[in-house]
Amino acid sequence: AKRYGAALVLGTIDEDKEEAMARTADRKLAIAQRMYRLAVEKYGLAPHDLFFDPLVLPISTGMDKDRRSGLETIEGVRRIAREFPRCQIVVGLSNISFGLKPAARVVLNSVFLHELIQAGLTSAILHASKILPRNKIDDAQWNAALDLIYDRRAETGGDPLQRFVDLFPDEAAGSAPQKKDIHQLSLEDRLRAHIIDGEKRGLIETLEEARKKYSPLQIINDHLLDGMKVVGDLFGSGQMQLPFVLQSAEVMKMAVAHLQPYMEKVHGGSKGSIVLATVKGDVHDIGKNLVDIILSNNGYTVYNLGIKQPISNILEKWRETGANAIGLSGLLVKSVTVMKENLEELNTQGVTVPVLLGGAALSRHYCESELRSVYQGHVYYGRDAFEGLRTMDYLVNGRAGELDAEIDDRLGKRAQVEERLARSGSSMGQEASGATAVTPAVGEGRSAVRTDVDIPRPPFWGSRVVEGIRLDDVYPFINKVALFRGQWQFKKGRKTDAEYEAQLEDEVEPIFRRLAVQCRDERVLQPKVVYGYFPCASEGNDLIVYDPVHHEREIERFTFPRQRTRRRLCISDFFRPVESDEKDTLALMCVTVGGEASRRAKALFEANNYAEYLYLHGFGVECAEALAEFWHKRIRQELGIAGEDSPHIRELFTQHYRGSRYSFGYPACPEMSDQEKLFGLIDPSRIGCVLTENWQIDPEQSTSAVVAHHPEAKYFNV
């Protein structure tokens, strides 16, 4: 495990000759303690790489020795989680219901999983489609399952197993609940169903019927917002995909717009307000806008300032509106530094308004420890839009102290673990920033990467601009997995393989085909490339770039980090060393599909067309990545090394070709400021690309790369 960086699953089984598998909570914890000492203190494994399996044994046999197996496992999970908060806990779930009818197994497994999660379980091996949420299980079945799990023979005066089994006659084994026709529901349930199902048909009729019984504010606060709460719960538990959340938000917005003219102009109708912004130098706004959608459709007033906002603009809007909180977002590691600077500026200005922070590069611990300590007011971390909603609900209801207590509890537990590990001679390491810090290694020369690889000669030296690229040539290079699951958030969740494939074919592919035609015919996406070839050589961790005309004159130098362990790789190793008789060939590229997609997406967002906003934004981002993939292939063709490409485009996404392209901000070349050097060499301003203060490329749907031709060049972490 240490050699390959693998995690370990440790079952609570020992050498006991009578009963090796631990049945009681006491034995489960005792064995886990022994394994922890061996793995962490003796062999030096990281605690977070340990998965304790406290063993799930059947409670369905009717034998006395098995009756307490469920409750002992739950208690074992609780004790292990308390003792080792940095370790994971995993179970093989379905063994609990071994031998029961399929319908009974689904219920018992679902209830048991719920109890285990409450006790501290962090992962499980299960069939996701065979797990039901609490609201889809009959109360009688749920309670009978609890009686069986907790062996309540004494309390119930009978056999919980028999009572549970009797609830599932043979004909129920394959039955599934039928979805009710919305028109058969009561008015109140119909209002909620429109929101939960994202159903616009018949919405106005339902609202008009509701107005005869309730005031507009009652309709919104008591029924529609209740539906949005269910949507949040379904999303949080993985039972609703993001596009359907946005459809629910669209229905909510439509309903509020219809009711607006009938509302009395009462001051203070909003639950609260927040100023939202993407920080200075950051052009990414999709995450921030999702927060806007969820908050604004849950009764909050949102002042969304957009991207690249300096703290002066944010403060001005906050003073103007008196908002309850400020929300700051950013994608880059550099943006985390900007957030810290913004908090320091708020201190200077004497401002103590609560601040919510979120973004891909920000970790919860860094936010709740380092950034929280910087600011005189309250700072909260938002993992996603619904956590932001929960935080705002607590803030406007005077419950900030509860949020702070949760943070203090998390930090306290972490401090205890760090202290215990320090005593045992281990070290967790310290987080120095919101993301993993990368330090260039100083060391003993280059890796063992070959230096005798033939150098391909480019068709020209210097840089060129390419326009008029056909989108139909780019589309085949779109990574649909990244688009459908990552950008559009159509995740499998609890669906079976067949159900998920059917959804992709019936619902998602038509969206893709429609957007492909629209973006081509309406020139929403306009692919452009600037790229070029330069003579180069490596010197330690440096890559020296020479003049494309006078090959002996150095014009630029990149410095890349080196691995401190493993192969000790560095990007510079993939080019001939400076003492070689020959200069090597470096390719640089920058691609864009233009800024029209961002402008169109912004218009969709402002028109409350949230699902279409998500689709267009994601399509544009992945088309830029596809253009980079397409042009990288063109570079390999021009260098004469494309013969090693996989014939299957989808395999190009996993580097089934010779060489590699490296983009700034990733582990092998983390220094974003090196974008300035690349821009100085090939001048992407000729295709409309500029750099922000944080060295991001604007328009957002753009990307750049350093391209190596060496056969050993692949992605690696430093």
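Note that the structure is a prediction, hence the values are computed from the model and not measured. (Residues numbered from 1 in each chain as written. Predicted model: local features only at pLDDT ≥ 70, side-chain atom pairs only at ≥ 80, totals over all residues. Heavy atoms only, no water.)

Participant: I keep staring at a negative patch on the surface and nothing clicks. Help me out?
Facilitator: A contiguous patch of negative charge on the surface is contributed by E501, E505, D506 and E507. Considering the arrangement of structural elements, one finds D506 in helix α19 (residues 497-521). Its relative accessible area of 58% is what places D506 among the exposed residues. (Patch = residues over 30% accessible without salt bridge, like charges linked within 9 Å, V, L, I, M, F, W, Y side chains within 5 Å. Areas by Shrake-Rupley, 256 points an atom, 1.4 Å probe, with all protein chains shown as cover. Salt bridge = Lys/Arg side-chain N within 4 Å of Asp/Glu carboxyl O. Lys, Arg positive; Asp, Glu negative; His and termini not counted. Charge placed at Lys NZ, Arg CZ, Asp CG, Glu CD. Helix = DSSP H or I, 4+ residues; strand = E, 2+ residues; numbered from the N terminus. Buried < 20%, exposed > 50% of the residue type's maximum accessible area, 1.4 Å probe, protein only.)

Participant: Help me understand the nonpolar core in this model?
Facilitator: For soluble globular proteins, nonpolar side chains are generally found buried alongside one another. Membership of the largest hydrophobic core comes to 99 residues, with the highest contact counts inside it found for L224, W488, Y531, M589, F619, W631 and I635. The element contributing the most residues to this core is helix α21 (residues 610-639), with 16 residues. Residues in contact with I635, not counting those within four places in the same chain, are Y531, Y533, A587, M589 and V707. Grouped together as the second largest cluster of nonpolar side chains are 46 residues, Y36, L50, A104 and I131 included. (Core = buried A, V, L, I, M, F, W, Y, C linked by side-chain atoms within 4.5 Å. Contact = heavy atoms within 4.5 Å.)

Participant: How do you make sense of the packing of helix α18 (residues 480-487) against α21 when you look at a structure like this?
Facilitator: What describes two packed helices is the angle between their axes and the distance between those same axes. At a minimum axis separation of 10 Å, α18 and α21 run at an interaxial angle of 145°. Here α18 and α21 pass one another in a crossing that is right-handed. Between α18 and α21, the residues in contact are A482, L483 and Q487 and L614, H617, G618, F619, V621 and E622, respectively. (Axes fitted to C-alpha atoms, helices over the stretch in contact; angles between N-to-C directions. Left-handed = near helix turned anticlockwise from the far one by under 90°.)

Participant: Sorry, what's going on with the sheet that holds strand β2 (residues 50-53) here?
Facilitator: Either a parallel or an antiparallel arrangement is found when strands of a sheet pair, and the pairing is made through backbone hydrogen bonds. Here 4 strands make up an open sheet; going across it, the order is β1-β2-β3-β4 and the pairing parallel. Looking at which strands have only one partner, the edges of the open sheet turn out to be β1 (8-11) and β4 (123-125). On average, adjacent strands in this sheet sit at an angle of 30° to one another, irrespective of strand direction. Examined bridge by bridge, β1 and β2 share 4 bridges and lie parallel to one another. Of the residues in β2, the one forming a bridge with V9 is F51. (Pairing = 2+ DSSP bridges.)

Participant: Looking at this model, I keep getting lost on the pairing of strand β5 (residues 272-278). Mind explaining?
Facilitator: For a regular strand, the rule is simple: side chains alternate between the two faces of the sheet. Burial within β5 is extensive, with 7 of its 7 residues counted as buried. Relative to strand β6 (residues 300-304), β5 runs parallel, the two sharing 5 bridges. Within β6, the position partnered with I274 by the bridge is V302. In this structure, β5 lies alongside strand β7 (residues 325-329), joined through 5 bridges in parallel fashion. Paired with I274 across the bridge in β7 is A325.

Participant: Where do I start with helix α23 (residues 675-682) in this structure?
Facilitator: In an α-helix, one full turn covers 3.6 residues, which means residues spaced three or four apart are oriented alike. Listed in full, the buried residues belonging to α23 are Q675, L678, F679, L681 and I682. Looking straight down α23, one finds that the buried residues subtend no more than 165° of arc, so they occupy a single side. Looking one or two places after α23, you find D683, whose phi comes out positive at around 55°. (Arc of directions from axis to C-beta.)

Participant: Just to check I follow, could you spell out helix α1 (residues 25-42) for this structure?
Facilitator: Its 18 residues give α1 an end-to-end C-alpha distance of 25 Å, which sits within 8% of 26 Å, the value for a rise of 1.5 Å per residue. For α1, the set of buried residues is A25, K28, L29, I31, A32, M35, Y36, A39 and V40. (Expected span 1.5 Å × (residues − 1).)

Participant: What am I meant to see in empty space enclosed by the protein here?
Facilitator: If you roll a probe as big as a water molecule over the atoms, it shows you where there is empty space left. Under the definition given, this model contains 2 cavities of 30 Å³ or more. A volume near 60 Å³ is recorded for the largest cavity. Lining the largest cavity are 14 residues; nearest its centre among them are R450, F575, R576, D584 and H710. Within the lining of the largest cavity, the residues separate by chemical class into 5 nonpolar, 3 polar and 6 charged. Quantified by volume, the second largest cavity comes out at close to 30 Å³. (1 Å grid on protein atoms, 1.4 Å probe; cavity = no way out; pocket = protein on both sides within 12 Å on 5 of 7 lines; lining within 4 Å. Points joined across faces, edges and corners; volume = space filled by probe spheres on them. Nonpolar A, V, L, I, M, F, W, Y, C, P; charged D, E, K, R; others polar.)

Participant: Mind showing me how you'd approach the packing of helix α10 (residues 242-259) against helix α11 (residues 286-296) here?
Facilitator: One can describe the packing of α10 onto α11 by two numbers: an axis separation of 9 Å at closest approach and a directional angle of 45°. Comparing the axis directions of α10 and α11 gives the class oblique. Judged by the twist between their axes, the crossing of α10 over α11 is left-handed. Residues L242, V245, L246, A249 and K253 of α10 lie in contact with α11, whose contacting residues are L290, I293, I294 and S296. (Parallel < 35°, antiparallel > 145°, perpendicular 65-115°, else oblique.)

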